[in-house]
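Here are the chains, one letter per residue:
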Amino acid sequence: MDVVVNGEPRRFEAGGSGRLLELLREEFGLTGTKFGCESRSCGACTVLIGDRATLACAVEPASVAGGRVTTIEGLADGPAALHVVQQAFLDEQVGQCGWCTPAQVLTAVALLREVADPGVDLIRERLSAVLCRCGTYQRAFAAVTRAAAVLAGQGEAE
Amino acid sequence: MKRQHRGAPLPDAVRRLLTNTARPGGTAPMKGRPPAPDTWCDIDSDGTVHLFVPKAELGQGSHTLLAQIFADELGADLDKVVVHQPDTDRGFPLGWMTVVGGTTAELMRAPALRAAAAVRDRISRGAVPQPVTIAEPRGLIGASAPRVDLPSKVTGAAVFASDIRLPDMLYGALLLPERHGASLESVSGLDEARRSPGVVHVIADTATGLIAAAAERSHQARAALALLRPRWRGGSEADQDAIEAAIDVRRTPTHLVQNVGNKAMPTDGRRLTAEYRTSMVMAAPAEPPVAVAEVTADRVTVHSSTQNPALVQDAVAKALGRRRRDVRVIVPYVGGSFGRKHGYVGDPAAAAALLAAATGRPVHLAWSRQQDQLNGPKRPPSHHLMEAAIGGGGELLALRHRFAVGDASGGWPTSSQAARATDIDFFSVFGAHLLYRGVPNLRVDYGRVPMPSTVHLGPMRSLSTHPNLFAIESFLDEVAAELGIDPLELRLRHLTNDEHGRRLRRVLEAVAAEADWGTSAPGTAKGIACCAYGRTVTAQIIQVSANDTGAGTLPIVVDEVVAAADGHLVNPAIARSQVEGAVVMGLSWALGERITVRQGQVVETDFDRYAILRADSSPRVRSVLVEGDFWGGGFNEASASPTAAALANAVHALTGNRIRTLPLFPPR
């Protein structure tokens, strides 16, 4: 079966019983997607399927056949060009252990693609899908707010 | 009649560890000979400084702090420094490689400065031709430099032990007993498991209780284990009620921990008593415990998510019958630990090494979340009796804290071993001291409750400071109410005018000023608490309001936490982030985290039942960094500690309800 991951066409065998999380981490070597609970409650394995934030531990690979998956590795336009949300997370110095950072970033990217100016309540609600044991929440709120402002500014400039 | 303590007093070494908030200067003595200065760095021809550090980055920012310290003394630009992960082959004493107690910067500053100075001198004498331009110290210490680990953490390039990928690597899985202390009697279904797709090896060892499989992919290893039918014998049958009944200071022999004034509780005047209890909680780091092992004829290499490479090395050497020096342990980025990955029990490295030795291929092995919740260490439950004597003029004559704690020292084979000879788990005594030395009589007694066959207890972030301060600092507010004086005023009035008292006064006054103590917006209330942990002092004020919207499950909303801290300041931005994060964990433990046991089995096996604070309930946290006169300790443990009491005091101020049990709002 075929899937486009981070812009690259990839092939995988149908019928395996592993989840998308395992396909990404073990087959494709994309270890930026993390794991942590196997019960859909920690959010560490969040990836984008199309533009939607989705838990890779809960998805059968077959269901993404023919689709488009973006992991944290595919977010930047190149090593020197971080995505606005990644840059905002650096500017606000959000991460500590960094385990949930990719999931926080991708959750924010999905939110900002859906709602340009989400406001803090919606940011808090969406980021609640990702547990951060280091407690970086308020910095993550600031980063997403900053990224929304940057994206709005870019929109006006265009 | 004066009560007699039945056990021995605390050993001096333990007492010093617990009461050193006013000991100025320098660092605690480090075990092990300092290595040659160039153990710390290699310098490339283009001027890049490769900094080799003894301690793992668990998220606390330590690699940035060490880079700042080293670069400052070397006279190098921080952006020329590349930090390399700790590796037992690099030549640091193993004792330096343990990460505990938020002490990395405090303990490693002097050795790093000395090494950097030696390297700088050799370069400037021309003894070593190096391309580094030596400058005066750059003022890097004290600067809010950006963290060196975050660029790779936002792109997914950061490598954790979980992310190690080696050629031909297999993925393992473990089958652990669901009851603490169960032993393995027999296993059937082995043939089926070994024939299962992708499976390369299955271990089922009744002597050690190890059941593990290695396969081409991790779901195949798990599927193979699901075919096994293990028979476990024995194991805990404890129920929550029995555990709580066992933790009872009235029925526990106690040790004298603190005795000031040396008088019995006065019997005239008023007397105030209250009882407090705390529940078991977990560290629950985001990345479960994991190891990748590679075994060859003469060498074993383990990539481990650990705070303690020495213990991992030891466990792997023992499991394989190798010499310690043939086992190399590398610690990539650790996805949080908070005490969980202390390396002694509940670490997968030895099992990974056994699978690797049996298959001749590298093996990746992680615990599942459910396994960690069931089998991983819990902070012990505690029971506290607080007592105050008040004189006829309304003066506070005596304070007493008697408490009993489940023994967590079984999970820790280091300094507590000496202490254990006197029946002390000294982790339990952290934060137990009464800080208000202006009160004429102070007395603290501690009782250890051994629970070896009940549940796996272990030390974690802030040790017992969080539960101890919940009792002490909540009770201080009860005393203030009884005396009719302001809780902050009561605290300030009973601090002594020595360095200890002055440090606490500074953080209390700083937090009060920042949080506008004494004022409350309508519908809100504030609570205060303070803390001494190691060489760090902190004070916090929490503002709460009623949960009018009905959103979430809590009856209150935590609006804001203001935290003042005086600790070892190398990078203010990192210190602030550590304060913020520790406050969130301290709040999470206080609000709803609780481990319960039914018939020997932990009930809260996932994050739906184990209620860790999420973004939508997370408050604003503002920090005030108080400049101390000497090197304090880390910010990340002390700042989790007073939070429960400050919250309970705020809840009381808002609702009139004095909650004396942690968590304050257990999930139903």
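Quick caveat, the model's predicted, so the values are computed rather than measured.

(A) Spotlight on the packing of helix α3 (residues 101-114) of chain A against helix α4 (residues 119-127) of chain A. Residue and element names in this part refer to chain A. At a minimum axis separation of 10 Å, α3 and α4 run at an interaxial angle of 135 degrees. The angle between α3 and α4 falls in the class oblique. Every pair of crossing elements has a handedness; the one defined by α3 and α4 is right-handed. Contacts between α3 and α4 involve Gln104, Thr107, Leu111 and Glu114 on the former and, on the latter, Leu122, Ile123, Arg126 and Leu127. For the contact of α3 with α4, the per-class residue count stands at four nonpolar, two polar and two charged.

(B) Looking closely at the sheet that holds strand β3 (residues 81-84) of chain B. Residues and elements named next belong to chain B. If you walk across this open sheet you meet the three strands as β1-β2-β3, and the pairing is mixed. Edge strands, defined here as strands with exactly one partner in the open sheet, are β1 (41-43) and β3. Geometrically, the sheet is characterised by an average inter-axis angle of 20 degrees between neighbouring strands, direction not taken into account.

(C) Geometry of the side chain of B:Arg340. Residue and element names in this part refer to chain B. Along the chain, Arg340 turns up in the loop between β13 (327-330) and α9 (349-359). We classify Arg340 as buried; its relative accessible area is 3%. At a separation of 2.9 Å, a polar atom in the side chain of Arg340 contacts the main-chain carbonyl oxygen of Gly346. The residues contacting Arg340, other than those within four sequence positions of it, are Ala283, Pro285, Pro289, Gln307, Val345, Gly346, Trp367, Asp372, Gly376 and Pro377.

(D) Seen up close, helix α3 (residues 104-124) of chain B. All names here are of chain B. With 21 residues, α3 extends 29 Å from end C-alpha to end C-alpha; this agrees with the ideal 30 Å at 1.5 Å per step. Of all bends in α3, the biggest is about 30 degrees, found at Ala110, and the proline Pro111 comes one to four residues later. Across the 21 residues that make up α3, a large majority, 15, are buried. Directly beyond the C-terminal end of α3, a positive phi value near 75 degrees is found at Gly126.

(E) Representation of helix α12 (residues 465-483) of chain B within the structure. Residues and elements named next belong to chain B. An ideal rise of 1.5 Å per residue puts 27 Å on 19 residues; α12 measures up with 26 Å between its terminal C-alpha atoms. Buried residues dominate α12, accounting for 17 of its 19 residues. Positive backbone phi, approximately 70 degrees, marks Gly484, located one or two places after α12.

(F) How the structure looks around the sheet that holds strand β6 (residues 199-205) of chain B. Residue and element names in this part refer to chain B. Ordered by their spatial adjacency, seven strands build an open sheet running β6-β7-β4-β14-β11-β12-β13, and the pairing between neighbours is mixed. The open sheet has two edge strands, β6 and β13, and neither has a second partner. The sheet shows a mean angle of 20 degrees between the axes of neighbouring strands, taken without regard to direction. Note that strand β11 (residues 290-295) and strand β14 (residues 363-366) share four bridges and pair antiparallel. Counterpart to Val290 in the pairing with β14 is Ala366. Its contacts with the sheet place α9 against β4 (170-175), β6, β7 (210-215), β11, β12 (300-304) and β14, and it is angled at close to 30 degrees to β11.

(G) Broad picture of the interface of chain B and chain A. In this complex, chain B contributes 61 residues to the contact, which on the side of chain A involves 43 residues. Of the roughly 4200 Å² buried where chain B meets chain A, counting both sides, 52% is carbon and sulfur surface. Where chain B meets chain A, there are eight salt bridges. In this structure, A:Glu26 engages B:Arg217 in a salt bridge whose closest nitrogen and oxygen atoms are separated by 3.9 Å. Counting across the interface, chain B meets chain A through 30 residue pairs in polar contact (both at pLDDT 80 or more). Elements with a contribution of two residues or more to the side of chain B that touches chain A: α4 (150-155), α6 (218-226), α10 (369-375), α15 (572-591) and β23 (620-625) of chain B. Considering only residue class, the side of chain B that touches chain A consists of 28 nonpolar, 16 polar and 17 charged.

(H) Representation of the domain arrangement of chain B. Residues and elements named next belong to chain B. For chain B, the assigned domains are domain 1 (31-156), domain 2 (162-235 + 289-366) and domain 3 (247-281 + 377-662). In this structure, domain 1 and domain 3 have C-alpha centres spaced 35 Å apart. Tallying the contact residues gives 21 residues for domain 1 and 18 residues for domain 3. Summed over both partners, the interface of domain 1 with domain 3 comes to about 1400 Å²; 58% of that surface belongs to carbon and sulfur atoms. On the domain 1 side of the interface with domain 3, the three residues burying the most area are Gly102, Glu106 and Arg109, jointly 35% of the side's total. The interface formed by domain 1 and domain 3 contains one salt bridge. Across the salt bridge formed by Arg535 and Glu106, the nearest N and O atoms sit 2.8 Å from each other. Viewed at the interface, domain 3 and domain 1 are joined by nine residue pairs in polar contact (both at pLDDT 80 or more). Secondary structure elements with two or more residues in the side of domain 1 that touches domain 3: α2 (62-74) and α3. Taken together, the residues of the side of domain 1 that touches domain 3 break down into nine nonpolar, nine polar and three charged.

(I) How the structure looks around the packing of aromatic side chains. Summed over all chains, the structure comprises nine aromatic pairs over all chains. Measuring from centroid to centroid gives 5.1 Å for A:Trp99 and B:Phe160, while their planes differ by 85 degrees, and the two rings are edge-to-face. Here B:Phe160 lies in the loop between α4 and β4 and A:Trp99 lies in the loop between α2 (84-91) and α3, a pairing that spans two chains. Measuring from ring centre to ring centre gives 5.9 Å for B:Trp40 and B:Phe70, while their planes differ by 20 degrees; the resulting arrangement is stacked. Taken together, the residues span a long stretch of sequence, with B:Trp40 in the loop between α1 (12-18) and β1 and B:Phe70 in helix α2 at a distance of 30 residues.

Reading guide: rules and limits
- Residues numbered from 1 in each chain as written.
- Chains lettered and ligands numbered in written order.
- Predicted model: local features only at pLDDT ≥ 70, side-chain atom pairs only at ≥ 80, totals over all residues.
- Heavy atoms only, no water.
- Axes fitted to C-alpha atoms, helices over the stretch in contact; angles between N-to-C directions.
- Helix = DSSP H or I, 4+ residues; strand = E, 2+ residues; numbered from the N terminus.
- Parallel < 35°, antiparallel > 145°, perpendicular 65-115°, else oblique.
- Left-handed = near helix turned anticlockwise from the far one by under 90°.
- Contact = heavy atoms within 4.5 Å.
- Nonpolar A, V, L, I, M, F, W, Y, C, P; charged D, E, K, R; others polar.
- Pairing = 2+ DSSP bridges.
- Buried < 20%, exposed > 50% of the residue type's maximum accessible area, 1.4 Å probe, protein only.
- Polar contact = N/O pair within 3.5 Å; in protein donor to acceptor, adjacent residues only side chain to side chain.
- Expected span 1.5 Å × (residues − 1).
- Bend = angle between axes of the 7 residues up to and from the residue.
- Buried area = accessible area lost by both parts, 1.4 Å probe.
- Salt bridge = Lys/Arg side-chain N within 4 Å of Asp/Glu carboxyl O.
- Domains from an automatic or database assignment.
- Phe/Tyr/Trp six-rings, centres within 6.5 Å; stacked < 30°, edge-to-face > 60°.

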